[in-house]
Amino acid sequence: MPRPDSAFAIIRRRDQVLLVKSRFKHKWSLPGGSIEPGETPWEAAVREVGEETGLEADLLGLTGIYRREDGSLAFVFIARAAGEPTGPRHEITKQRWVCLPKAERRLGKGARRRLHDALARRRGFTTRRMRVDSIALQVIAG
């Protein structure tokens, strides 16, 4: 069975980004996870942020669509959320606001690239300026 597509959110607070640590993975990650059947990537990102942090995400824009090695797609959004994470939840054992240089060191290669791409766009995230992996675009377009 192929791996489902996934959606992630980059949530910034000043010069920090919110990371989560799963009990099942060695590296830290951006909040996010699998898109459920019948769910849009936007809905999945909001749901996953809530499940993993207890925060309600306000998605500001799509910053990229990436094709993974297994063929699944990863949708990445820039978001904001008020408040603080609520502590361990479900499979998430830790949540931390981390300065950007430290976040890049803690993330795996794929998540680090997605964060770097999003931050390179600075402000004003629009679909017109997002990074779309050419293969991912072909998959979405059909």
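The structure we're discussing is the one just above.
K.L.:
Sorry if this is basic, but what is going on with the overall build of the protein chain here?
P.N.:
Counting its regular elements, the protein chain contains four helices and seven strands. Looking at the protein chain as a whole, 46% of its 142 residues qualify as buried. Nonlocal contacts in the protein chain, meaning residues at least 24 apart in sequence, comprise 65% of its contacts between residues at least 6 apart. With an accessible surface of roughly 8100 Å², the protein chain has 51% of that area assigned to carbon and sulfur atoms.

K.L.:
What exactly am I supposed to notice about the environment of Gly54 here?
P.N.:
Turning to its location among the elements, Gly54 is positioned in the loop between α1 (41–53) and β4 (58–67). It is 8.0 Å that separates the C-alpha atoms of Gly54 and Gly87, two residues lying 33 residues apart in sequence. What Gly54 contacts, discounting residues up to four positions off in sequence, is Val49, Thr86 and Arg89.

K.L.:
Teacher, can you tell me more about helix α3 (residues 109–120) here?
P.N.:
Given 3.6 residues per turn, any residue in an α-helix points the same way as the ones three and four places further on. If you check α3, its first and last C-alpha atoms are 16 Å apart, about what 12 residues at 1.5 Å a residue would give, namely 16 Å. Taken residue by residue, α3 has Ala111, Arg114, Leu115, Asp117 and Ala118 as its buried positions. The arc that holds the buried residues of α3, viewed along the axis, is 160°, so those residues lie on one side.

K.L.:
Any chance you could explain the pairing of strand β1 (residues 6–13) here in plain terms?
P.N.:
Each regular strand shows side chains that alternate between the opposite faces of the sheet. Buried residues dominate β1, accounting for six of its eight residues. Bridging between β1 and strand β3 (residues 32–34) involves three bridges; their strand directions are antiparallel. Residue Ser6 lies in a different strand from β3, and its bridge partner there is Ser34. Sheet analysis places β1 next to strand β5 (residues 73–80), joined by six bridges and oriented parallel. Note that in β5 the partner of Ile11 across the bridge is Ala79. Pairing of β1 with strand β2 (residues 16–22) involves two bridges; the strand directions are antiparallel. Note that in β2 the partner of Arg13 across the bridge is Gln16.

K.L.:
Sorry if this is basic, but what is going on with the pattern of salt bridges here?
P.N.:
Any two side chains of opposite charge can pair, so long as their charged atoms come close to each other. Considering all chains together, one arrives at seven salt bridges under this definition. For Glu36, the salt bridge is made with Arg47, and the minimal N-O distance between the two is 3.6 Å. On the criterion of sequence distance, the pair formed by Glu36 in the loop between β3 and α1 and Arg47 in helix α1 is long-range, its members being 11 residues apart. Since its relative accessible area comes to 41%, Glu36 is described here as partly exposed. On the basis of relative accessible area, Arg47 is assigned to the buried category, the value being 19%. Where Arg47 meets Glu48, a salt bridge forms, and the shortest distance between an N and an O atom there is 3.1 Å.

K.L.:
Looking at this model, I keep getting lost on the pairing of β2. Mind explaining?
P.N.:
Within β2, six of the seven residues are buried, which leaves it mostly tucked inside the rest of the structure. If you look at the hairpin formed by β1 and β2, you'll find two residues sitting between the two strands, and Arg14 has a positive phi there, around 55°. Taken together, the seven bridges between β2 and strand β6 (residues 92–99) define a ladder with antiparallel strand orientation. Counted as the bridge partner of Lys21 is Lys94 from β6.

Conventions and cut-offs
Residues numbered from 1 in each chain as written. Predicted model: local features only at pLDDT ≥ 70, side-chain atom pairs only at ≥ 80, totals over all residues. Heavy atoms only, no water. Helix = DSSP H or I, 4+ residues; strand = E, 2+ residues; numbered from the N terminus. Buried < 20%, exposed > 50% of the residue type's maximum accessible area, 1.4 Å probe, protein only. Contact = heavy atoms within 4.5 Å. Areas by Shrake-Rupley, 256 points an atom, 1.4 Å probe, with all protein chains shown as cover. Expected span 1.5 Å × (residues − 1). Arc of directions from axis to C-beta. Pairing = 2+ DSSP bridges. Salt bridge = Lys/Arg side-chain N within 4 Å of Asp/Glu carboxyl O.

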